[in-house]
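# Secondary and tertiary structure notes
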Amino acid sequence: MTQTSSGPATPTAVHAWRVLPAPVPATLDHADAWALHGAATVSREVDADTYGHEDLAFTAQYLWAKLQEQEYARRVRLVAVPAGVAEPEPDDVAGSASVILPRHSNEHLAHASVTVRPRSRRRGVGTALLRAVEELAVAAGRTTVILESEHGAEPAEGTPGAM
């Protein structure tokens, strides 16, 4: 699956993204592990930005191990990289999505989460990933997508823009 998306136009540039399924190599030392290492970096950066620490961020080892678990659910890790990058490396990963498709019950569901590096936000990465999640869910015959979202604490009362 390759999903290409152009982000919202900015005064200086339009960003296009390619969404790819992360390869599941035999080991994390293999060159094909680039996507898992990149997704782990995204997790660390998002957790540091959201919570102020990386204590619970997903490691490449954890992501790789979860992709080995396919008996009860089909698990897919998607990564977004700039469309012009032919041979992506870990640092090219701007965002990541997890998709879980149950195999034995609730087969109408797709569970997903989308994370985008703080420096890549508001450039269409999340939109490209969500479109790819939806395409994957539809192709698998799913009718409902449950999307998980994480966020930090509520802003203090009186903070400009706070509700």
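Here's a quick rundown of the structure. Just so it is clear, the structure is predicted and the values come from calculations on it, not from any experiment. (Residues numbered from 1 in each chain as written. Predicted model: local features only at pLDDT ≥ 70, side-chain atom pairs only at ≥ 80, totals over all residues. Heavy atoms only, no water.)

Helix length check: helix α3 (residues 125–139), at 15 residues, gives a terminal C-alpha distance of 21 Å against a target of 21 Å (1.5 Å per residue), a fit within 8%. Within α3, the full set of buried residues consists of Val125, Ala128, Leu129, Ala132, Val133, Leu136 and Ala137. Directly after α3, the chain includes Gly141, whose backbone phi takes a positive value near 80 degrees. (Helix = DSSP H or I, 4+ residues; strand = E, 2+ residues; numbered from the N terminus. Expected span 1.5 Å × (residues − 1). Buried < 20%, exposed > 50% of the residue type's maximum accessible area, 1.4 Å probe, protein only.)

Okay, the packing of aromatic side chains next. For the coordinates displayed, the defined rule picks out one aromatic pair. Centre to centre, the rings of Phe58 and Tyr62 are 4.8 Å apart; their planes meet at 10 degrees, and the pair counts as stacked. In this structure Tyr62 comes out as partly exposed when scored by relative accessible area, which is 36%. (Phe/Tyr/Trp six-rings, centres within 6.5 Å; stacked < 30°, edge-to-face > 60°.)

With that settled, the discussion passes to the pattern of salt bridges. Taken as a whole, this structure holds four salt bridges when the rule is applied. Measuring nitrogen to oxygen at the nearest pair gives 3.2 Å for the salt bridge that ties Glu45 to Arg117. Here Arg117 lies in the loop between β5 (109–116) and α3 and Glu45 lies in helix α1 (residues 34–51), a separation of 72 residues in the sequence. For Glu45, a relative accessible area of 26% gives the class partly exposed. Overlapping salt bridges bring together Lys66, Glu69 and Arg75 as one network. (Salt bridge = Lys/Arg side-chain N within 4 Å of Asp/Glu carboxyl O.)

Now for the environment of Ser43. Here Ser43 lies in helix α1. Measuring from C-alpha to C-alpha, the distance between Ser43 and Ala57 comes to 5.3 Å, with 14 residues separating the pair along the chain. Those residues in contact with Ser43, other than ones at most four positions away along the chain, are Ala57 and Phe58. (Contact = heavy atoms within 4.5 Å.)

Because each turn of an α-helix spans 3.6 residues, side chains separated by three or four positions in sequence point in the same direction. Given a rise of 1.5 Å per residue, 18 residues ought to cover 26 Å, and the 25 Å separating the end C-alpha atoms of α1 matches this to within 8%. Those residues of α1 that sit buried are Trp34, Ala35, Leu36, Gly38, Ala39, Ala40, Thr41, Val42, Ser43, Val46 and Asp47. One or two residues past the end of α1 sits Gly52, with phi positive at roughly 85 degrees.

Honestly, that's just the spatial picture; any functional story needs more than this.
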